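Summary of structural features
What follows is the residue order along each chain.
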Amino acid sequence: MSTVLERPEPRVPLRAGLFRTCEVTGLKLHRPAERLMKANAVAATVALLIGGISAILILLTRWQAVHLLEPVMFYRVLTAHGISMLIFFIIFFEMAVLYFASGPLLNSRIAAPKLGWFNFALMTTGAVMVEWMIWTGKADVLMTSYIPLRADPLYYLGIIFFAVGALLVCFQFFATLVVAKRERTYEGSLPLITFGAVAAAIIAVITLLHGAATYIPTFLWSIGVMSVDPQVYRMLWWALGHSSQQINVAAMVAIWYLLGAFTVGAVVLNEKISRTAFVLYILFISMASAHHLLVDPGFSSSWKVVNTSYFMYMAVLASMLHGFTVPAGVEIGQRLRGATQGLFGWVRRAPWGDPGFSSLVLSVVVFGFVGGITGVTIGTEQINIVVHNTLRVPGHFHATVVSGTAMAFMGLTYYLIPLIFRKKVAFWRLAQIQPYLFAGGMLIFSIFMSFSGGFGVPRRHWDITFSNAPFEQAFHPAVDALLGIMALGGLIAAVGGGLYILITVWSVFFGKPFTEADRVAGAKGLPQGIIRPPRAVTVADEANLPKGRFGTAPGTMVLVLIFLAAFATYYFANWKLLSFVWKIG
Amino acid sequence: MRPDEENMEREPMTTGMQSPKGRWWVPAHRSEKVWFAIAFAWCMVLFAMMPLWHWKGGQNPSGIRRKVEPAAFEARVNQFVADYQVGELNGYPVVEPPPGSDIYMIGRMWSWFPILKLRKGAEYTLHLSSKDVNHGFSLYPVNINFQIVPGYDYGLKIVPTEAGDFGVICNEFCGVGHHMMLGKVLVTNEDGTLPGETSASAEVQ
């Protein structure tokens, strides 16, 4: 068996027993790091389960034909869904990624494993406090908790505990980088994936500091010792709320590179470009959260335009660069290894039955085509007038955070189960179709949710028939059909999400152990990238690359131009739509 | 080999899991340069559109923005209702201000107050604010949406371009009664009639 990686022997000999060497990747795995990764991944899955059940209940309520929950319960479950998914699931998983990108990927021990357990305990305590407050009805404020809506002080305190724990993990991550550098566990610069994780961790620090600036005053306000301006709260909250999604983006892109490497040996076309793009995320993304305040009364138009356009578009540029380099890396990786036919032979010969690979592709495509295009468009100052707080907003972010980030996390899990948990993936056939179900369902869900929003259907709303309102109000008749299709897509995605939880929990707790003997062609329960890792390439393989005018990745060039055409069409169609509404200013 | 590729270090290409060997700050491939240029140019288009729309477009969220005490704003709304009330609908006053004037609507748990009766083609300055928590002003089916924040007066110049009966939905969560919060804006034709209404019946009202 070939290994992907060749590593220099570290100067400081590794203590026997504390490490094991991975026979697939050649990575040295620090056992305390492995245990922390496992714990954080399990916590993430529990949060995903709570968030997922909430998702189904919300879906069956917004589907007006079913309208399952009572109003109080609906808003409560919606609060739990937002917090469990966007905060607990994603951040617990990102903690696992930070441990992986610093320890194993650099062949290093992690710094202060005991601190890791303290952090984990703090985060778990905070999460339990928050869930407790929500489910006992003491925090019916939705995840944004815009003051002067008031939750129990323990709710804010729980968030603070969770955030402090996450902040400490970031510092632990930076300390591990120092340890690895000092102990010379790697040569030269950090690998790109670790570099991406550094970007995510730096954004996380910025984000969590904003979190402190939001929640500490809010906690003090909730116990009556301080006043907080509602508009200032909204600004600070979104510096937390949106920047935290940028942690996701940076982590997700790092995982794209990782899944590309695991599954098809995707190469890094140019380190400079990919790294610069990560730096752009760090520099420009925090200001971009101003796009949540585009139709707020507290800010001038110039403030809005500068923060969203000048700053945000530099981050958009970064995403567009990754949107090229990731598929180009896959294309070139495939071509180097002999998939040289035509423009798209590399696509045909890709391992579509490897859930790690299909997750990668679906994550890139749905994130880019649906999440990215809608996000930039609706984050435009004037276009936001016809979008703000309608269903177009959740329609957008379910395409980024769910079919993008969560899908990438799921894809990575199919590799973590054998590599970290040392188990074969259970229900292999189901695992192979899970990404298609999940991303396909979410695609339908997001698109039809966005369409309903285009008719002005509000988000976060229990009853769009307005049965108890002082006047009659009916939406366009198409809305019922759109919401019905949306619900169908959501249910398909829920099946995909349920399968993911079933597969991971079953594999980890009842799965068959993974041994070297299992790595035979056609074996079930193992992704192709583990059975037969992509062979290392040599300079001679570069003879396989095309020499045409469209560069070494002509297929990708075609794909990104299609993307740009879709982007421009959607963008200008929205300006046209805006021009139909009343004159306002 | 093109010149830019010859400059590359002659090491095999690696994945993102490995430390790059040798010097990696090297010129990009031509395809990457081309895409970078296209993407950057597109971002400049995105950037240009917003100032351009402020200059030439008819829909902008600029507004006249001031801080205001919720109680003071509510008093102003009540004065406005006292000045221009012309009728009542389901217990809510219907207010018909003269074209060109400052008009007011307040969001509070859980209603929009009062009902506005406007004239098509006339310009008004619509002041929006909240008495208590955040609300979301969403005019249906025109689909105009603004965030309403307590303590802030958002004064927007508006010109209704169609006559009819419009709903004001609250689209920011404001408590358990959020979904019952529904207001109304009526827009008359230039002659003061509502669609489906003759000028004679308007006189009678």
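You'll find the structure just up there.
The text that follows walks through the structure, step by step, so that each part is easy to find. (Residues numbered from 1 in each chain as written. Chains lettered and ligands numbered in written order. Predicted model: local features only at pLDDT ≥ 70, side-chain atom pairs only at ≥ 80, totals over all residues.)

**Observations concerning the overall build of chain A**
Per the secondary structure count, chain A includes 15 helices and three strands. Against the globule reference of 25 Å for 585 residues, chain A gives a C-alpha radius of gyration of 24 Å, in line with a compact fold. By its C-alpha atoms, chain A is 75 × 55 × 45 Å across when sized along the principal axes. Here chain A holds 585 residues, and 62% of them are scored as buried. Sequence-distant contacts, at least 24 apart, represent 83% of the contacts inside chain A between residues at least 6 apart. (Helix = DSSP H or I, 4+ residues; strand = E, 2+ residues; numbered from the N terminus. Rg over C-alpha atoms; globule rule 2.2 N^0.38 Å. Buried ≥ 20, exposed ≤ 12 C-beta atoms within 10 Å, placed from the backbone. Contact = placed C-beta atoms within 7 Å.)

**Let's talk about the overall build of chain B**
Along chain B, the regular secondary structure elements total four helices and twelve strands. Seen along its three principal axes, the alpha-carbon backbone of chain B occupies a region of about 90 × 35 × 30 Å. Going through the 205 residues of chain B one by one, you find that 44% of them count as buried. Across chain B, the fraction of contacts at a sequence separation of at least 24, relative to all contacts at a separation of at least 6, is 54%.

**Focus: the nonpolar core**
Residue and element names in this part refer to chain A. Ranked by internal contacts, the top residues of the largest apolar core, which has 257 residues, are Ala166, Ala250 and Ala254. Take this core: its biggest share by element is 22 residues, from helix H2 (residues 71-102). Excluding its chain neighbours within four sequence positions, the residues that come into contact with Ala254 are Ala101, Ile193, Gly196, Ala197 and Ala200. (Core = buried A, V, L, I, M, F, W, Y, C linked by C-beta atoms within 7 Å.)

**Some remarks on the pairing of strand E7 (residues 124-130) of chain B**
Residue and element names in this part refer to chain B. Taken across its seven residues, E7 has six buried, putting it largely inside the fold. Bridging between strand E4 (residues 102-108) and E7 involves six bridges; their strand directions are parallel. Across the sheet, residue Ile103 finds its bridge partner in E7, namely Leu126. Of the strand pairs in this sheet, E7 and strand E10 (residues 152-159) are connected by five bridges, and their pairing is antiparallel. By the bridge assignment, His127 is partnered in E10 with Gly155. (Pairing = 2+ DSSP bridges.)

**Thoughts on the interface of chain B and chain A**
In this complex, chain B contributes 80 residues to the contact, which on the side of chain A involves 90 residues. Among the secondary structure elements, those contributing two or more residues to the side of chain B that touches chain A are helix H2 (30-56), strand E8 (135-140), strand E9 (144-148), E10, strand E11 (164-170) and strand E12 (182-188) of chain B. No other element matches the 17 residues that H2 of chain B contributes to the side of chain B that touches chain A. The residue makeup of the side of chain B that touches chain A, split by class, is 42 nonpolar, 28 polar and ten charged. Examined bridge by bridge, strand E3 (residues 583-584) of chain A and E10 of chain B share two bridges and lie antiparallel to one another. Residue Lys583 of chain A lies in a different strand from E10 of chain B, and its bridge partner there is Val159 of chain B. (Nonpolar A, V, L, I, M, F, W, Y, C, P; charged D, E, K, R; others polar.)

**A word on the packing of helix H10 (residues 355-378) of chain A against helix H11 (residues 392-419) of chain A**
Angle between the axes and distance between the axes: these two values describe a pair of packed helices. All names here are of chain A. Contact geometry for H10 and H11: axes closest at 8 Å, N-to-C directions at 160 degrees. Considering their axes alone, H10 and H11 lie roughly antiparallel with respect to each other. For the pair H10 and H11, the crossing hand works out as left-handed. Residues belonging to the contact of H10 with H11 are distributed by class as follows: 13 nonpolar, twelve polar and one charged. (Axes fitted to C-alpha atoms, helices over the stretch in contact; angles between N-to-C directions. Parallel < 35°, antiparallel > 145°, perpendicular 65-115°, else oblique. Left-handed = near helix turned anticlockwise from the far one by under 90°.)

**Let's talk about helix H15 (residues 554-579) of chain A**
One turn of the α-helix equals 3.6 residues, which is why residues spaced by three or four share an orientation. Taking 1.5 Å of rise per residue, the 26 residues of H15 of chain A would be expected to cover 38 Å, and the 38 Å separating its terminal C-alpha atoms lies within 8% of that figure. Buried residues of H15 of chain A: Pro554, Gly555, Thr556, Met557, Leu559, Val560, Phe567, Asn574 and Leu578 of chain A, and no others. (Expected span 1.5 Å × (residues − 1).)

**Looking at the environment of Ser222 of chain A**
All names here are of chain A. In this structure, Ser222 sits in helix H5 (residues 192-222). Residues Ser222 and Ile530 lie 308 residues apart in sequence; the distance between their C-alpha atoms is 52 Å. With sequence-adjacent residues up to four places away left out, Ser222 is seen in contact with Arg150, Ala151, Pro153 and Tyr156.

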